[in-house]
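Listed below are the residues making up each chain.
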Amino acid sequence: MAAFITGLTELDRVYAASQRVLSKQLNLDSNQRSEPVLSARVRTHVLIHAASAAGVLNLDSHSEETLTDFSVGSEYENDEVHCLVVVEGQRQGERFELSEAHSIGRDAGCTIQLQDPAVSRVHCHIQVEHGQVMVTDPGSRNGTFVDGVRIVSPTLLEPASRLKVGDHILRHDIRTRREVAREQELAHDIAQARAYVAALIPEQLSTGPVLTSWAFEPCEALGGDLLGYYWLDERRIALYVLDVCGHGVLAAMHSASVSSVLRNRTLPDTDFGAPGSVLERLNRNFQMEEHGGMYFTIWYGVFDTATRLLRYASAGHPPALLLEHGRAEPHKLETKNPPIGALPGGRRFREESCELGAGARLYVFSDGAFELTTDEGLAWTFEEFEKLVALPGGAQADEAGRIHREVRRLARSETLE
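Predicted model, so just to flag it, every value in this text is computed and none were measured.

Visitor: Explain the sheet that holds strand 21 (residues 352-355) residue by residue, including any values.
Guide: Spatial ordering of the open sheet is given by 15-16-17-18-21, a layout of 5 strands whose pairing is antiparallel. Two strands bound the open sheet, and with one partner strand each, they are strand 15 (223-231) and strand 21. For this sheet, the mean angle separating the axes of adjacent strands, direction not counted, is 15°. As defined by bridge partners, strand 15 adjoins strand 16 (residues 236-247) across 8 bridges and the pair is classed as antiparallel. Within strand 16, the position partnered with Gly228 by the bridge is Tyr240.

Spelled out as structure tokens, the structure:
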């Protein structure tokens, strides 16, 4: 599939975009990451599910088309402006400059229009007076929230405060016009790099002996999580989820490089049908001392559709969960190996194997699937995530989405950890 082919020209493009991003000395919040979810079903009633909870991939990026043009003359570049930045929602990453009076809602007459069914036609009003931003709710159906508290009267929106309108979260920023222009350019470069990484994820397979379903949530910045799968031959399919340490452009570039090596099978002297061999060669070729101190975790498996044998190996990654027909609890699939690049090359990596019975499901995920804090301020546990996986699902094509939506509902933060 063309989406998997990573040519030199594409790598040069993302590298160039990353260099532009790294050259801008802005203090940006990069504490967000992207978490992948993958799932696959074997036509012979064997379901391989690779899942990790973050979100459904949304390539409908408005960054290039709808970001406001803040180009200004040098005599005005140090003037301060109030802005609302969408940090969660369909228009994530967009920035709106606030002047005097604004309205937010679905109505075409609103100065900030959000096509969100949870948003009222005219949801709230924004007023800028004497350097302060005030928010008023005229009686919206679902309410307007400032830093998690529903407002009942005109409320001050402090700098860095979060405004929740429907399913959208907007942050109040104060920037000079020069900073806004630089951030606009940076956002555009990040959007390009993020779109490149997203394009590496394969389309869901809807026909053939194996059917796949996955969910992937892009983040405001960039992260090092990625998923993929590819056919080794007519019988065997390889699948993986990897997670590079850290966040930002370098982590995203590293994950793209690893994914390219796997998809194009360019590791020397490697049997890509033997997970232990794959991890051993990855460890030789991606030593952290030679890659900016970066290492990564990975779960890699190969499923044979004829024998129903699954060979797998993991390196510092959360265990996959195998849910077999007739069993109430999933079985953990993992091998005790260190993260890739963390220890010197030359060591052997263990692999295991098991047969998948009819109706089995295999969930593979990164740690963002279960590392979250609930609305009650409690840390969610892996055991609770296992119970979520074991719940009866709906349509197979939306199984990854089901898990993502439930994790999203439970998470207190607007971004997954």
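The structure having been displayed, the exposition proceeds.
Visitor: Can you lay out the pattern of salt bridges for me, pointing to particular residues and giving the numbers?
Guide: Tallying each qualifying case throughout the model produces 14 salt bridges. For Asp173, the salt bridge goes to Arg175, with nearest N and O atoms at 3.9 Å. Between Glu399 and Arg361 there is a salt bridge, and its shortest N-O distance comes to 3.4 Å. With a gap of 38 residues between them, Glu399 in helix 7 (residues 399-410) and Arg361 in strand 22 (residues 361-365) connect regions that are remote in the sequence. Neither residue differs from the other here; Glu399 and Arg361 are each classed as buried.

Visitor: Talk me through the side chain of Gln287; I want residue IDs and the actual numbers.
Guide: Examined against the element boundaries, Gln287 turns out to sit in the loop between helix 5 (275-285) and strand 17 (296-304). Non-local contacts of Gln287, meaning those with residues more than four positions away in its chain, are made with Gly341, Leu343, Pro344 and Gly345.

Visitor: Requested: an account of the pairing of strand 22, with residues and values cited.
Guide: With 5 of its 5 residues buried, strand 22 lies for the most part within the structure. The pairing of strand 19 (residues 320-323) with strand 22 spans 3 bridges and is classified as antiparallel. Pairing of Leu323 across the sheet is with Arg361, part of strand 22.

Cut-offs used in this document
- Residues numbered from 1 in each chain as written.
- Predicted model: local features only at pLDDT ≥ 70, side-chain atom pairs only at ≥ 80, totals over all residues.
- Heavy atoms only, no water.
- Pairing = 2+ DSSP bridges.
- Helix = DSSP H or I, 4+ residues; strand = E, 2+ residues; numbered from the N terminus.
- Axes fitted to C-alpha atoms, helices over the stretch in contact; angles between N-to-C directions.
- Salt bridge = Lys/Arg side-chain N within 4 Å of Asp/Glu carboxyl O.
- Buried < 20%, exposed > 50% of the residue type's maximum accessible area, 1.4 Å probe, protein only.
- Contact = heavy atoms within 4.5 Å.

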